[in-house]
Amino acid sequence: MSEKKSKSTNIKHERRGAAMKGDILRSTILSERIIPNMDVKYRKQFPIPEEHRALGLFTADCDDVCYIGMDEATKGTNIEVVHATALYAGAANASFKFSGEFFGAFSAPNPEDIVSAFNIIHQVVDNDAYFISCNDDDSVAYIAHTISRSGTYWPQISTVKPNEALVYLIAPPNEAMYGMDAALKAAEVDIAAFWAPPTYTNCGGGILKGEQSACRAAGEAFGKAVQQIADAPLKLLPGIETM
């Protein structure tokens, strides 16, 4: 298994050997800044807690790993995620050099908390969360990331509760919808969020919640289902193919 940059061939990424099925596709933070003390009128544009005066801003070439990183940062620092969004059509169609496919903002009482949060986000984006390639040219990929304990971000966008286990699942449109059904059948999990295609980045998926072991089993089933479509995209059922 080799490692490369980015979740798909939509954007350029570093190759460290021949492409192969099962490659780990990592992402990159493209720009980041800290506002130590926000302007009073500026802070009203975001849902910022009254006691927070500092703001962290960043972009990246993948949205999914950044959501995971921001939630992880809420568990270890005193931050609040105030804005997190994918950018239209993904990194391949970014309008500017450092736009990528994600913009995020989080607030804190002081700049030191922002720095600590960025350290955690970098750890997740650089090392812990990634897509898996399903074919030799990395043109089909998915993420199935199990989280043992939710922070405060996932409850903002799903029915996950703080400290609850979950699995975050994203893949291309057909693969994602086929995979979500397989994941739900594989383990005792519930739907916490469901994203039918298209998302801003033309994918699909969702968040499932339950016991950590069940979430992991659901994630494995999701990955296998995505791989089945990558291996045989026009097969309706075993032994039956389209004309």
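Quick notes on the rules
Residues numbered from 1 in each chain as written. Predicted model: local features only at pLDDT ≥ 70, side-chain atom pairs only at ≥ 80, totals over all residues. Heavy atoms only, no water. Patch = residues over 30% accessible without salt bridge, like charges linked within 9 Å, V, L, I, M, F, W, Y side chains within 5 Å. Areas by Shrake-Rupley, 256 points an atom, 1.4 Å probe, with all protein chains shown as cover. Salt bridge = Lys/Arg side-chain N within 4 Å of Asp/Glu carboxyl O. Helix = DSSP H or I, 4+ residues; strand = E, 2+ residues; numbered from the N terminus. Expected span 1.5 Å × (residues − 1). Contact = heavy atoms within 4.5 Å. Polar contact = N/O pair within 3.5 Å; in protein donor to acceptor, adjacent residues only side chain to side chain. pLDDT = per-residue confidence, 0-100. Pairing = 2+ DSSP bridges. Axes fitted to C-alpha atoms, helices over the stretch in contact; angles between N-to-C directions. Buried < 20%, exposed > 50% of the residue type's maximum accessible area, 1.4 Å probe, protein only. Lys, Arg positive; Asp, Glu negative; His and termini not counted. Disulfide = S-S within 2.5 Å. Phe/Tyr/Trp six-rings, centres within 6.5 Å; stacked < 30°, edge-to-face > 60°.

**Re a nonpolar patch on the surface**
Together, Leu-236, Leu-237 and Ile-240 give the surface a local cluster of nonpolar side chains, amounting to about 300 Å² of exposed area. Here Leu-237 is to be found in strand β12 (residues 235-237).

**Here's the deal with helix α3 (residues 111-128)**
Think of an α-helix as turning once every 3.6 residues; residues three or four places apart then point the same way. With 18 residues, α3 should cover 26 Å at 1.5 Å per step; its first-to-last C-alpha distance of 25 Å lies within 8% of that length. Contacts made by the buried residues of α3 are with β3 (29-35), β4 (54-60), α2 (64-76) and β6 (102-108). Measuring from the side-chain oxygen of the N-cap residue of α3 to the backbone nitrogen of Glu-112 gives 3.1 Å; that N-cap residue is Asn-110.

**Focus: the confidence of the model for the chain**
Across the chain, pLDDT averages 92, with 91% of residues at or above 70. This stretch, residues 8-16, has a pLDDT under 50; its non-local contacts, to residues over four places away or in other chains, come to 22 contacts.

**Digging into the sheet that holds β3**
Ordered in space as β3-β4-β6-β5, the four strands form an open sheet in which the pairing is antiparallel. Of all the strands in the sheet, the pair left with one neighbour each is β3 and β5 (80-86). Pairs of neighbouring strands in the sheet enclose a mean axial angle of 10°, with direction left out of account. Inspection of the sheet shows β3 paired to β4 by six bridges, in the antiparallel sense. The residue of β4 that forms the bridge with Arg-33 is Leu-57. In the packing of α2 onto the sheet, the strands contacted are β4, β5 and β6, and the crossing angle to β5 comes to about 175°.

**Let's talk about the environment of Ala-84**
With respect to the helices and strands, Ala-84 occurs in strand β5. Look at Ala-84 and you get partly exposed, because its relative accessible area is 23%. Those residues in contact with Ala-84 that sit more than four places away from it in its chain are Tyr-67, Met-70, Phe-102, Phe-103, Gly-104 and Tyr-153.

**Quick look at the side chain of Arg-43**
Relative to the elements of secondary structure, Arg-43 occurs in helix α1 (residues 40-43). No salt bridge is formed by the buried Arg-43, whose closest oppositely charged neighbour, Glu-50, lies at an N-O distance of 4.8 Å. Not counting the four nearest positions on each side in its chain, Arg-43 is found in contact with Met-38, Ile-48, Pro-49, Glu-50, His-52 and Arg-53.

**Overview of the state of the cysteines**
For the coordinates displayed, the defined rule picks out zero disulfides. Distance from the sulfur of Cys-203, which forms no disulfide, to the nearest cysteine sulfur (Cys-62) is 8.8 Å.

**Digging into the pairing of strand β9 (residues 166-171)**
Where burial is concerned, most of β9 is hidden: six out of the six residues are buried. Neither face of β9 is exposed, since Leu-166, Tyr-168 and Ile-170 on one face and Val-167, Leu-169 and Ala-171 on the opposite face are all buried. Inspection of the sheet shows strand β8 (residues 141-147) paired to β9 by five bridges, in the antiparallel sense. What sits directly across from Ile-143, in β9, is Ile-170. Pairing geometry for β9 and strand β11 (residues 204-210), over six bridges, is antiparallel. Bridging from a neighbouring strand, Leu-169 pairs with Gly-206 of β11.

**Description of α2**
Taking burial as the measure, the 13 residues of α2 include ten buried ones, the bulk of the element. Those residues of α2 that fall on the buried side of the exposure criterion are Asp-64, Val-65, Cys-66, Tyr-67, Ile-68, Gly-69, Met-70, Asp-71, Ala-73 and Thr-74.

**Focus on the packing of aromatic side chains**
Evaluation of the coordinates by the stated rule reveals twelve aromatic pairs. A centroid spacing of 6.3 Å and a plane angle of 65° characterise the contact between Phe-58 and Phe-106, whose relative ring orientation is edge-to-face. Residue Phe-58 is located in strand β4, and its partner Phe-106 is located in strand β6; the two are separated by 48 residues in the primary sequence. Using a relative accessible area of 1% as the deciding quantity, one classes Phe-58 as buried. Seen from their ring centres, Tyr-88 and Tyr-200 are 4.6 Å apart, and the 50° between their planes marks the pair as tilted. With Tyr-88 in the loop between β5 and β6 and Tyr-200 in the loop between β10 (189-195) and β11, this pair connects stretches of sequence that are 112 residues apart. Here a set of aromatic residues connected by ring pairs shows up, and it is made of Phe-58, Tyr-67, Phe-102, Phe-106, Phe-118, Tyr-153, Trp-154, Tyr-168 and Trp-195.

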